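Tertiary structure, described
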Amino acid sequence: MTSAALPLDPAVRELADGPNFAALTTLMPDGTPQTQVVWLSADGDRLVINSEVERQKVRNLRRDPRATLMIWKRDNPYVYAEVRGQVVEEENGPTARAHIDELAMKYNGRPYPQKDIGSDRVILRIAVRRQRVWGL
């Protein structure tokens with residue numbers, strides 16, 4: 001993508017800061033889309049997801065950093081945002097492990113179970129290139 005990153009719209013930040021889910025779409029090696037529901041947060045003007053380094057979405061984003069996130073309000077799916085952007089930063093190690101615990105507390109009220117982690121955690125920060133909000 002050649003367009004410059006945008007500041008995160010306050011309505012998008014509101015959705016990302018709440019316990020709202022997002023559908024993350026990435027591109028498979030053959031160009032077909034792959035979509036998964038993810039937890040997310042905001043960090044400055046970037047949206048942040050957390051995954052394991054061995055997951056397909058991470059492999060897809062390392063090959064092609066473009067991503068679309070559709071975030072919907074947990075109690076009203078007619079309030080939502082579509083955000084297009086690209087991964088501009090990765091972070092591994094203790095910070096990524098702490099971040100998945102923060103997300104688990106936000107979504108489930110308890111830390112993320114260690115037994116559910118199959119490979120190293122990674123934080124993916126997504127710079128916003130386009131955003132649109134409905135219902136807020």
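Right above here is the structure, for reference.
Notes on the structure follow. (Residues numbered from 1 in each chain as written. Predicted model: local features only at pLDDT ≥ 70, side-chain atom pairs only at ≥ 80, totals over all residues. Heavy atoms only, no water.)

Quick notes on the pattern of salt bridges
Summed over all chains, the structure comprises 12 salt bridges. Glutamate 82 serves as the salt-bridge partner of arginine 84, at 3.1 Å between the closest nitrogen and oxygen. Using a relative accessible area of 19% as the deciding quantity, one classes glutamate 82 as buried. One salt bridge connects arginine 97 with aspartate 101, and the closest N-O pair in it is separated by 3.1 Å. Separated by four residues within a single helix, arginine 97 and aspartate 101 lie in helix H3 (residues 94–108), roughly one turn from each other. Classification of arginine 97 as partly exposed rests on a relative accessible area of 23%. Taken together, the shared-partner salt bridges in this structure form one network comprising Asp43, Arg46, Glu89, Glu91 and Arg125. (Salt bridge = Lys/Arg side-chain N within 4 Å of Asp/Glu carboxyl O. Buried < 20%, exposed > 50% of the residue type's maximum accessible area, 1.4 Å probe, protein only. Helix = DSSP H or I, 4+ residues; strand = E, 2+ residues; numbered from the N terminus.)

Digging into the side chain of aspartate 64
On the secondary structure map, aspartate 64 appears in the loop between helix H2 (56–63) and strand S5 (66–73). A distance of 2.7 Å separates a polar atom in the side chain of aspartate 64 from a polar atom in the side chain of arginine 66. (Polar contact = N/O pair within 3.5 Å; in protein donor to acceptor, adjacent residues only side chain to side chain.)

A word on the packing of aromatic side chains
Throughout the structure, instances matching the rule amount to four aromatic pairs. Centroid distance tryptophan 39 to tyrosine 107: 5.0 Å. Interplanar angle 5°. Geometry classified as stacked. Taken together, the residues tryptophan 39 in the loop between strand S2 (33–38) and strand S3 (41–43) and tyrosine 107 in helix H3 connect sequence positions 68 residues apart. Since its relative accessible area comes to 18%, tryptophan 39 is described here as buried. On the basis of an interplanar angle of 90° and a centroid distance of 6.1 Å, the ring pair of tryptophan 39 and tyrosine 112 is categorised as edge-to-face. On the criterion of sequence distance, the pair formed by tryptophan 39 in the loop between S2 and S3 and tyrosine 112 in the loop between H3 and strand S7 (121–134) is long-range, its members being 73 residues apart. For tyrosine 112, a relative accessible area of 18% translates into the label buried. Taken together, the aromatic side chains of Phe21, Trp39, Tyr107 and Tyr112 make up a single cluster linked through ring pairs. Here the basic side chain of arginine 121 rests over the ring of tyrosine 112, its NZ or CZ set 5.2 Å away from the ring centre. (Phe/Tyr/Trp six-rings, centres within 6.5 Å; stacked < 30°, edge-to-face > 60°. Lys NZ or Arg CZ within 6 Å of the ring centre and 35° of its normal.)

So yeah, pure geometry; function would need other evidence.
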